[in-house]
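# Close look at the chain arrangement
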Amino acid sequence: MKKVCVFIIYVCAFLAQGFAQDNSDSLKSQADSAYVKEDYLGAAELYEQILATEGEAAEIYYNLGNSYYKAEKMAHAILNYERALLLDPGNADIRFNLELARSKTVDKESEISQVFFVIWFKAVTNLMNEAGWAKVAIIAFLILLGGIAAYIFSKTLLIRKVGFIVAACMLAVCVLANVFASVQKSKMQHRVNAVVMSASLTVRSTPNESGTELFVLHEGRRVSIKDDTMKEWKEIQLEDGNAGWVPVSAIEII
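Positions within a chain are numbered from 1, following the residues in the order the chain's sequence is written. Local features in a predicted model are, by the rule used here, given only for residues with pLDDT of at least 70; side-chain atom pairs are given and counted only at 80 or more, and totals for whole chains, interfaces and linings are based on all residues. Side-chain numbers come from the whole structure's heavy atoms, not from hydrogens or water.

Attention shifts here to the overall build of the protein. Each helix is a run of H or I in the DSSP string that is no shorter than four residues. Each strand is a run of E no shorter than two, and both are numbered from the N terminus. Assigned secondary structure in the protein consists of eight helices and seven strands. Oriented by its inertia axes, the alpha-carbon framework of the protein measures out at about 80 × 65 × 40 Å. Think of it in three bands: residues with accessible area under 20% of the maximum for their type are buried, residues over 50% are exposed, and the middle band is partly exposed, with areas taken using a 1.4 Å probe on protein chains only. For the protein, buried positions account for 35% of its 254 residues. Within the protein, counting contacts between residues at least 6 apart in sequence, those at least 24 apart form 53% of the total. Per-residue and other accessible areas follow the Shrake-Rupley method at a 1.4 Å probe size, with only the shown protein chains counted as cover for residues. Working note: accessible area of the protein is about 15500 Å², and carbon and sulfur atoms make up 62% of it. Asp and Glu are treated as the negative residues and Lys and Arg as the positive ones, with His and the ends of the chain left uncounted. To locate a charge, take atom NZ for lysine, CZ for arginine, CG for aspartate or CD for glutamate. Separation of charge centres in the protein, based on 25 positive and 29 negative side chains, amounts to 11 Å. Contacts are residue-level and defined by heavy atoms, with any inter-residue pair within 4.5 Å sufficient.

By definition, no residue in a patch forms a salt bridge, and every one has over 30% relative accessible area; like charges are joined within 9 Å, nonpolar side chains (Val, Leu, Ile, Met, Phe, Trp, Tyr) within 5 Å. Throughout this description, the term salt bridge denotes a Lys or Arg side-chain nitrogen within 4 Å of a carboxyl oxygen of Asp or Glu. A surface patch of nonpolar side chains, about 1000 Å² in accessible area, is lined by Ile138, Phe141, Leu142, Leu145, Ile148, Tyr151, Ile152, Phe153, Phe164 and Ile165. Among the secondary structure elements, those contributing two or more residues to the nonpolar patch are helix H7 (130–153) and helix H8 (157–189). In terms of residues, the nonpolar patch owes the most to one element, H7, which gives eight residues.

For the structure on display, the rule yields 13 salt bridges. Taking the shortest distance from any N to any O, the salt bridge between Lys28 and Glu59 comes out at 3.4 Å. Within this pair, whereas Lys28 is found in helix H1 (residues 2–36), its partner Glu59 is found in helix H3 (residues 58–70), the two being separated by 31 residues in sequence. Its salt-bridge partner being Arg191, residue Glu56 comes within 2.9 Å of it at the nearest N-O pair. Residue Glu56 is located in the loop between helix H2 (40–54) and H3, and its partner Arg191 is located in the loop between H8 and strand S1 (193–196); the two are separated by 135 residues in the primary sequence. Using a relative accessible area of 41% as the deciding quantity, one classes Glu56 as partly exposed.

Moving on to the packing of helix H6 (residues 116–125) against H8. Helix-helix packing is described using two parameters, namely the angle between the two axes and the distance between the axes. Contact geometry of H6 with H8 gives a least axis separation of 10 Å together with a crossing angle of 80°. By the criterion of interaxial angle, the relationship of H6 to H8 is roughly perpendicular. In contact with Trp120, Phe121, Val124 and Thr125 of H6, H8 contributes Val179, Phe180, Val183 and Gln184. To obtain an axis, a line is fitted to C-alpha atoms, over the contacting stretch when the element is a helix, and the angle between two such axes runs from 0 to 180 degrees between their N-to-C directions. Geometric relationships in this document are graded by angle, where less than 35 degrees denotes roughly parallel, more than 145 denotes roughly antiparallel, 65 to 115 denotes roughly perpendicular, and other angles denote oblique.

Low pLDDT marks regions whose predicted coordinates should not be analysed in detail. pLDDT runs from 0 to 100 and stands for how confident the predictor is about each residue. Residue-level pLDDT values for the protein average 89, and 91% of them are 70 or greater. Low pLDDT, under 50, characterises residues 10–20; the stretch is placed with one contact to residues that sit more than four places away or in other chains.

This next bit is on H8. A helix is expected to span 1.5 Å for every residue after the first. Compared with an ideal rise of 1.5 Å per residue, which puts 33 residues at 48 Å, H8 spans 48 Å between its outermost C-alpha atoms and is within 8% of the ideal. Along H8, the positions that sit buried rather than exposed are Gly163, Ala167, Met170, Cys174, Ala177, Phe180, Ala181 and Gln184. On the buried face of H8, the contacting elements are H6 and H7.

With respect to the secondary-structure elements, Lys187 resides in helix H8. Between the C-alpha atom of Lys187 and that of Asn129, which follows or precedes it by 58 residues, the distance is 9.9 Å. In contact with Lys187, other than residues within four places in its own chain, are Leu86 and Asn126. For the purposes of these results, a polar contact is taken to be a pair of N or O atoms within 3.5 Å, where, inside protein, one atom must be able to donate a hydrogen and its partner to accept one; residues adjacent in sequence count only when each atom of the pair is a side-chain atom. A polar atom in the side chain of Lys187 sits 3.0 Å from the side chain of Asn126.

Another aspect to go through is the pairing of strand S4 (residues 222–227). DSSP bridges decide pairing: two strands pair if at least two such bridges lie between them. With three bridges joining them, S1 and S4 adopt antiparallel strand pairing. Bridged to Ala194 within S4 is Val223. Sheet topology note: the S4/strand S5 (residues 233–237) ladder contains three bridges and is antiparallel. Bridge pairing in S5 links Ile225 to Ile236. Linking S4 back to S5 in an antiparallel pair, the connection comprises five residues.

Before going further, it helps to examine the packing of aromatic side chains. In this scheme Phe, Tyr and Trp rings, the latter by its six-membered ring, pair at centre separations within 6.5 Å, and the angle between planes marks the pair as stacked below 30 degrees, edge-to-face above 60, and tilted otherwise. Applying the stated criterion across every chain yields a total of seven aromatic pairs. With 6.1 Å between their ring centres and 45° between their planes, Tyr62 and Tyr81 make a pair best called tilted. Remark: Tyr81 occurs in helix H4 (residues 74–87) and Tyr62 occurs in helix H3; sequence separation between them is 19 residues. Exposure remark for Tyr81: the relative accessible area of 1% places this residue in the buried category. The ring of Tyr151 is capped by Arg160, whose NZ or CZ atom sits 4.9 Å from the centre of that ring. Both a distance and an angle decide whether a charge sits over a ring: NZ of Lys or CZ of Arg must be within 6 Å of the ring centre and within 35 degrees of the ring normal.

Shown next as structure tokens:
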């Protein structure tokens with residue numbers, strides 16, 4: 001009797017999973033169809049439903065960003081392109097569309113000069129997400145073990161030399177891949193960037209409406225969260241160092 005109950009539970013779980021998958025596929029088809037029919041806000045609503053039920057996915061965020069871009073809602077488009085890029089940092093299409101959407105906003109980000117090493121490190125880190133770098137680290141580690149085995153057990157000098165060089169190179173790749181994976185994991189866990197959603201936002205010197213007006217930002221502008229300790233207000237900072245306080249309702253965390 002117990003075995004029959006367990007079997008029934010497994011069957012029900014399998015059917016429920018299949019139903020959820022079919023429902024997700026149906027919503028995706030409906031959203032894609034709405035987009036093709038140029039019902040961009042309708043498509044956006046359906047993509048939002050998929051994210052709410054299925055969780056984050058770079059493809060859905062990208063499609064959602066495209067829908068908002070077509071509907072000329074640039075702040076929402078930028079927000080979702082940013083979220084898609086966070087999940088899939090090596091995707092050139094997402095990055096291109098993000099820059100295209102940014103070009104249609106009022107505020108432009110300031111170019112901050114950086115040393116070559118920092119630029120290189122960021123560029124390489126963004127080639128893949130955490131999972132991609134983790135796979136590279138595992139593959140490099142396995143090859144490393146093969147190189148060590150060749151160096152230790154081979155009686156041929158040439159093979160031992162090749163094994164040593166391969167092991168040394170794979171050790172470096174394994175370490176770097178783990179570092180890059182750690183950086184990408186930190187970006188996912190500690191989301192410190194946000195997008196301004198208000199058409200016009202006054203940044204103040206203190207966390208209240210009576211604070212001195214410092215400068216004005218417009219929708220679509222990306223900012224960093226400097227102080228996240230208050231519930232109703234956040235201290236934000238721009239890449240040039242300018243900082244101030246804004247209402248939580250005026251920004252959306254990436």
